Each structure stands twice: as C-alpha cells, then as structure tokens.
Amino acid sequence: QVPLVESGGGLVQAGGSLRLSCAAPGRTFRRYGWFRQAPGKEREFVAASYWSGGATNYAESVKGRFTTSRDNVKNTVTLQMNSLKPEDTAVYYCASDSSYRSIYSHVYDYWGQGTQVTVSS
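As the structure is a prediction and not an experimental result, all values here were calculated from the model. (Residues numbered from 1 in each chain as written. Predicted model: local features only at pLDDT ≥ 70, side-chain atom pairs only at ≥ 80, totals over all residues. Heavy atoms only, no water.)

Asker: Explain the overall build of the chain to me, please; I cannot follow it from the model alone.
Answerer: When helices and strands are tallied, the chain shows zero helices and eleven strands. Taken from N to C terminus, the helices and strands of the chain fall in the order β-β-β-β-β-β-β-β-β-β-β. A globule of 121 residues ought to have a C-alpha radius of gyration of about 14 Å, and the chain, at 13 Å, matches this closely. In terms of overall dimensions, the chain has a C-alpha envelope of 40 × 25 × 25 Å along the principal axes. For the chain, buried positions account for 46% of its 121 residues. Excluding contacts between residues fewer than 6 apart, the proportion of contacts in the chain whose partners are at least 24 apart in sequence is 59%. For the chain, the computed accessible surface area is about 6200 Å², with 49% contributed by carbon and sulfur atoms. (Helix = DSSP H or I, 4+ residues; strand = E, 2+ residues; numbered from the N terminus. Rg over C-alpha atoms; globule rule 2.2 N^0.38 Å. Buried < 20%, exposed > 50% of the residue type's maximum accessible area, 1.4 Å probe, protein only. Contact = heavy atoms within 4.5 Å. Areas by Shrake-Rupley, 256 points an atom, 1.4 Å probe, with all protein chains shown as cover.)

Asker: Even after reading the chapter, I still don't get the packing of aromatic side chains, so can you show me in this structure?
Answerer: Each aromatic ring pair is summarised here by two numbers: the centre-to-centre distance and the angle between the ring planes. If you walk through the whole model with that rule in mind, you get six aromatic pairs. Where Y32 meets W51, the ring centres are 5.8 Å apart and the plane angle is 65°; that geometry is what we call edge-to-face. Of this pair, Y32 sits in strand 4 (residues 31-37) while W51 sits in the loop between strand 5 (44-50) and strand 6 (57-58), and the two are 19 residues apart along the sequence. Taken as a pair, Y32 and W51 share a single burial class, namely buried. For the ring pair F35 and F45, a centre distance of 5.7 Å and an interplane angle of 70° mean the geometry is edge-to-face. With a gap of ten residues between them, F35 in strand 4 and F45 in strand 5 connect regions that are remote in the sequence. Through a chain of ring-to-ring contacts, three or more aromatic side chains come together here, namely F35, F45, Y108 and W111. One cation-aromatic arrangement involves R27 over Y110; the distance from NZ or CZ to the ring centre is 4.9 Å. Sitting over the face of the ring of Y108, R31 holds its NZ or CZ atom 3.9 Å from the ring centroid. (Phe/Tyr/Trp six-rings, centres within 6.5 Å; stacked < 30°, edge-to-face > 60°. Lys NZ or Arg CZ within 6 Å of the ring centre and 35° of its normal.)

Asker: Explanation requested: the nonpolar core in the structure shown.
Answerer: W34, V46, F66, L79, M81 and Y92 are the most contacted members of the largest nonpolar core, which totals 33 residues. Contributing elements (two or more residues each) for this core: strand 3 (18-23), strand 4, strand 5, strand 8 (76-81), strand 9 (90-97) and strand 11 (115-120). Per element, the largest residue contribution to this core is five residues, and it comes from strand 5. (Core = buried A, V, L, I, M, F, W, Y, C linked by side-chain atoms within 4.5 Å.)

Asker: I would appreciate a short explanation of the pattern of salt bridges in the present structure.
Answerer: Side-chain pairs of opposite charge can arise where the charged atoms are in close proximity. For the structure on display, the rule yields eight salt bridges. With a closest N to O distance of 2.7 Å, D88 and R65 form a salt bridge. Note that D88 is positioned in the loop between strand 8 and strand 9 and R65 in the loop between strand 6 and strand 7 (66-71), a separation of 23 residues in sequence. Using a relative accessible area of 11% as the deciding quantity, one classes R65 as buried. We note a salt bridge from D109 to R101, for which the minimum N-O separation is 3.4 Å. Residue classification places D109 among the partly exposed residues on the basis of a relative accessible area of 44%. By relative accessible area, R101 is classed as partly exposed at 29%. Salt bridges linked by common partners bring R31, D97, R101 and D109 together as one network. (Salt bridge = Lys/Arg side-chain N within 4 Å of Asp/Glu carboxyl O.)

Here it is as structure tokens:
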C-alpha cells in the first residue's frame, strides 16, 4: 500500500491558487513536509508541520503565500498555495514519518508519488 497519496495539482495562471492534499491511508504519522522539484533542479523544501497541528516551518520563497494545515474532516494535510508564480512550477511531494526529528529536518522516511503543479505566465 502506498504510504502517502498526494492530490490537487494542476495548471493555473500566475496569481491563481491551488490546494494540494496528502493522505496517509491506514497509517498514523507524527510530522510531515512538502517538497518540490522543478525540471533540472534539486528537490527543495517548501513547508512542514505536524499531523496534530501546531508549529509550522516555511521556505522563505513561499512565506506569506503558502499555508499548510490539517483537514480534520478528510484526515489529510493540505498545502494551500496562493499568489502562484511561474517559478512555483514543479512536482510537489508530500513526505511524512513518525520519527522525533523536528520540522526543521528535511529527512523523512516516507514519500508520496508527487503531483504536478504548473503555473503559466
């Protein structure tokens, strides 16, 4: 069974919004992170928090535009992306685990398959 399943990617114009979701079917994790990888670039950190809510950590490039939180109804974690820019175009990954590493660590035990986000200018 795939440990993490992302959804919500797509094509949007610059200035628009998208909401990504990440589910962990049948599993209970402690913390999660969002990462992205653009063509020809290394994977980079976007945001992190805890499945139970609380503290968050954001990359400088997305602060004030992206928000990560838990959806208690759907039992998922989400990444709300507003004011999208063409440079936000990438495959976005959800990562998670039950370790006691902090949300400032970029090391995770489980990764999703990724979802494409494309922002047109």
